[in-house]
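Understanding the architecture of this molecule
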Amino acid sequence: MYFIDEKYIETLLQDDKLHDEQFQLDAISKASEAKGLTLEESAALLNIDSPEVLNELFITAKKVKEIIYGNRLVLFAPLYFTNHCVNNCLYCAFRKDNHDLKRKTLSLDEIEEEARILVHQGQKRILLVAGEHPKISTVDFIGKAIERIYKIDFNGNNIRRLNVNVAPLNLEDFKKLKSYGIGTYQCFQETYHYETYKKMHIEGPKTDFEWRLFAMDRAIQSGIDDVGIGSLFGLTDYKFETLGLLSHAFYLETKFGTGPHTISVPRLEPALNAPAAMNPPYLVNDISFKKIIAVIRLAVPYTGIILSTRESAELRSDLFSVGVSQISAGSRTAPGSYKETRDSSDEHTHEQFQLGDHRSLDEVVRDCTALGYMPSFCTACYRSNRTGDRFMELAKSANIGKICVPNAMATFKEYLNDFASSETKDIAYEFFEKEINRLEGNIRNKAGQMIERVDNGERDVYL
Ligand code: SF4
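Numbers given to residues run from 1 along each chain, matching the order in which its sequence is written. Per-residue local features of the predicted model are confined to residues with pLDDT of at least 70, and side-chain atom pairs are confined, for both listing and counting, to 80 or more; whole-chain, interface and lining totals are unaffected and use all residues. The side-chain quantities take in all heavy atoms of the structure and omit both hydrogens and water.

Some remarks on the overall build of the chain
Counting its secondary structure elements, the chain contains 21 helices and 9 strands. Only C-alpha atoms enter the radius of gyration, while the globule expectation follows 2.2 Å times N to the 0.38, with N the number of residues. Relative to the compact-globule value of 23 Å for 463 residues, the chain shows a C-alpha radius of gyration of 21 Å, a close match. In terms of principal-axis extent, the alpha carbons of the chain reach across some 60 × 55 × 40 Å. Three exposure classes are used, based on accessible area relative to the maximum for each residue type with a 1.4 Å probe and protein chains only: buried under 20%, partly exposed in between, and exposed over 50%. Here the chain, with 463 residues, has 62% of them falling under the buried criterion. By the convention used here, residues are in contact when the closest approach between their heavy atoms is within 4.5 Å. At a minimum sequence separation of 6, the contacts of the chain that also span at least 24 residues come to 74%. Split by element, the accessible area of the chain, about 17600 Å² in all, is 50% carbon and sulfur. Two residue types count as positive, namely Lys and Arg, and two as negative, namely Asp and Glu; His and chain ends fall outside the count. By convention, the point assigned to a charge is CZ for Arg, NZ for Lys, CD for Glu and CG for Asp. Averaged over its 56 positive side-chain charges, the chain has a centre that lies 4 Å from the centre of its 67 negative ones. Helical segments are the DSSP runs of H or I of at least four residues, strand segments are the runs of E of at least two, and each set is numbered from the N terminus. Computed with the Shrake-Rupley method and a 1.4 Å probe, the accessible areas treat only the protein chains shown as cover for residues.

Here you go:
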């Protein structure tokens, strides 16, 4: 089906050669060069059973992540502005036939209020999310919301990158979306398995597999350089799904010269009155999920991997080590729930799915530093026109660290000075000193100068 060759993927999954440990070890050693993998090699790594080879996979994924992204973790928060939707996806609480969901659409003032709360928490990146509705989540309304959010300023702190996860648009509307200054356009195929897709999407515009599959082509053709793809793990066999995702990434790289900016790996979670979410047809256990992330890290080393708060705090901490580079923190998936704190039972009647990690942004920042990860709120590349293939070129050169390290540190210092709790400061300042002392030469000088500017009150300091 188009660039998703189901027959070929099935052949790979049945190929005995790809269960051979030596073949798997050879693929891992090739992957350690951070140059990526073929679909066949990725399939072999998804077949790993032996604990020793699996451990080799995880060690190599950690090494490759550190080569490109160091110990940095980029933080963001989602902002849902409507849970009205005309589709009927069997795994989602927002689906139109879920009459127990309390529907809510935020006004522009309410969206601004939600975003202001996130700015006051120290967030610098927002992912704007909405159900699909021809009268509500229109590109013009999204444009007005983006404009309002970018205008918010709190002592030099503001939202500096706004990514958008909304239904596929036509070329003209993507051009409009681009003109509003979005960062990444995200759209998940949910599943690349055609028959499963048909089964899960029973009504509404989202029944059109092809329209969704080529959304990224239209987005890139409209001038949106950074696109984000994803699959909802648990709808079909995870090995097939991972190879579908990678096929999409390879296709974009071949056709447009640059692969996806990010890949998201949401796993099915319980959701109100969502039959497929309550009884996942292909539940993915934690060790297989960790394997998926490690294989994606090795197959497409330069692509950001996004992990949401669907997963528990404990599991997230473990998955950071095998390739995750971006995480949401302090998230809410119900419109208006940054302002309106509801008890969990009431929240459940508004939210898209159940969260696994309920920590605040400050708690996540604290726990990350305690684990040795550098929280980053950096948005420099997108604002320095280092997007699409220009970002990929930088990521592929060893120079990315020279820009990312000082930028991450400047944004982290800004967070520590303006937003961190005393408990977080106690842990983070010590970690920060250690990180500075690890730097040498130019990077150290550059980072030192930028941190001094932040300490002297300047905000939004970046390279
Ligand atoms: S997954 Fe998206 S399109 Fe489907 S019902 Fe939920 S909000 Fe609507």
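Don't stop here, the text continues.
Structural notes on the packing of aromatic side chains
Geometry of an aromatic ring pair is reported as the spacing of the ring centres plus the angle between the planes. When two rings of Phe, Tyr or Trp (its six-membered ring) have centres within 6.5 Å they constitute a pair, described as stacked for plane angles under 30 degrees, edge-to-face for angles over 60, and tilted for the intermediate range. Across all of its chains, the model carries 13 aromatic pairs by this definition. Taking 3.9 Å as the distance between ring centres and 10° as the angle between the ring planes, the aromatic pair formed by Phe-3 and Tyr-251 counts as stacked. Placement of the pair is Phe-3 in the segment before α1 (6–14) and Tyr-251 in helix α11 (residues 238–256), with a sequence separation of 248 residues. Exposure remark for Tyr-251: the relative accessible area of 16% places this residue in the buried category. Each member of the aromatic cluster is reached from another via a ring pair, and the members are Phe-154, Phe-377, Tyr-415 and Phe-419. Lying over the aromatic face of Phe-58, Lys-290 brings its terminal NZ or CZ to 4.5 Å of the ring centre. Two thresholds decide whether a charge sits over a ring: the Lys NZ or Arg CZ must be within 6 Å of the ring centre and within 35 degrees of the ring normal.

Regarding the pattern of salt bridges
What makes a salt bridge here is a side-chain nitrogen of Lys or Arg within 4 Å of a carboxyl oxygen of Asp or Glu, nothing more. Following the criterion strictly, the structure yields 32 salt bridges and no others. Where Asp-460 meets Arg-160, a salt bridge forms, and the shortest distance between an N and an O atom there is 3.5 Å. Of this pair, Asp-460 sits in the segment after α21 (441–455) while Arg-160 is found in the loop between α6 (139–151) and β3 (161–165), placing the two residues 300 residues apart along the sequence. For Asp-460, a relative accessible area of 23% puts it in the partly exposed group. Of the charged contacts in the structure, one is a salt bridge between Asp-357 and Arg-316, with a shortest N-O distance of 2.9 Å. Of this pair, Asp-357 sits in the loop between α15 (344–348) and α16 (361–371) while Arg-316 is found in helix α14 (residues 313–319), placing the two residues 41 residues apart along the sequence.

Some remarks on the nonpolar core
Membership of the largest hydrophobic core comes to 130 residues, with the highest contact counts inside it found for Leu-57, Leu-128, Leu-177 and Tyr-185. The leading source of residues in this core is helix α19 (residues 400–418), at 9 residues. In terms of domain composition, this core takes at least three residues from each of domain 1 (67–376) and domain 2 (397–455). Look past the residues within four positions of Leu-128 in its chain and what remains in contact with it is Leu-79, Phe-81, Ile-142, Ala-145, Ile-146, Ile-149, Leu-162, Asn-163, Val-164 and Asn-165. In this structure, Cys-85, Leu-90, Phe-94 and Ala-274 belong to the second largest nonpolar core, which totals 24 residues. Residues belong to one nonpolar core when they are buried, are Ala, Val, Leu, Ile, Met, Phe, Trp, Tyr or Cys, and are joined through side-chain atoms within 4.5 Å. Just so you know, the domain bounds were taken from an automatic or database domain assignment.

Section: the domain arrangement of the chain
We note that the domain assignment places domain 1 (67–376) and domain 2 (397–455) within the chain. Relative to domain 2, the C-alpha centre of domain 1 lies at a distance of 28 Å. Counting residues at the interface gives 22 residues for domain 1, matched by 20 residues for domain 2. Taking both sides of the interface into account, the surface hidden between domain 1 and domain 2 amounts to around 1700 Å²; carbon and sulfur atoms contribute 62%. As a working definition, buried area equals the accessible area (1.4 Å probe) given up by two parts on being put together, with both sides summed. Ranking the residues of domain 1 by area buried against domain 2 places Arg-72, Arg-366 and Met-374 at the top, with a combined share of 32%. The interface formed by domain 1 and domain 2 includes 2 salt bridges. Linking Arg-160 and Glu-414 is a salt bridge whose minimum nitrogen-to-oxygen distance equals 3.0 Å. Pairs of N or O atoms within 3.5 Å make up the polar contacts considered here, provided that, within protein, one atom can donate a hydrogen while the other can accept it, and that residues adjacent in sequence are counted only when both atoms are side-chain atoms. Counting every contact that joins domain 1 to domain 2 gives 7 residue pairs in polar contact (both at pLDDT 80 or more). If you list the elements that add at least two residues to the side of domain 1 that touches domain 2, you get α5 (108–121), α16 and β9 (374–376). If you tally residues by element for the side of domain 1 that touches domain 2, the top one is α16, at 6 residues. Taken together, the residues that form the side of domain 1 that touches domain 2 break down as 9 nonpolar, 8 polar and 5 charged. The residue classification treats Ala, Val, Leu, Ile, Met, Phe, Trp, Tyr, Cys and Pro as nonpolar and Asp, Glu, Lys and Arg as charged. All others, Gly included, are polar.

A few points about the site of the ligand
When we say a residue is near a molecule or strand, we mean one of its heavy atoms is within 4 Å of it. Around the ligand, the structure places Cys-85, Asn-87, Cys-89, Tyr-91, Cys-92, Phe-94, Arg-95, Gly-131, Lys-206 and Gln-352. The class makeup of the residues in the shell around the ligand is 5 nonpolar, 3 polar and 2 charged.

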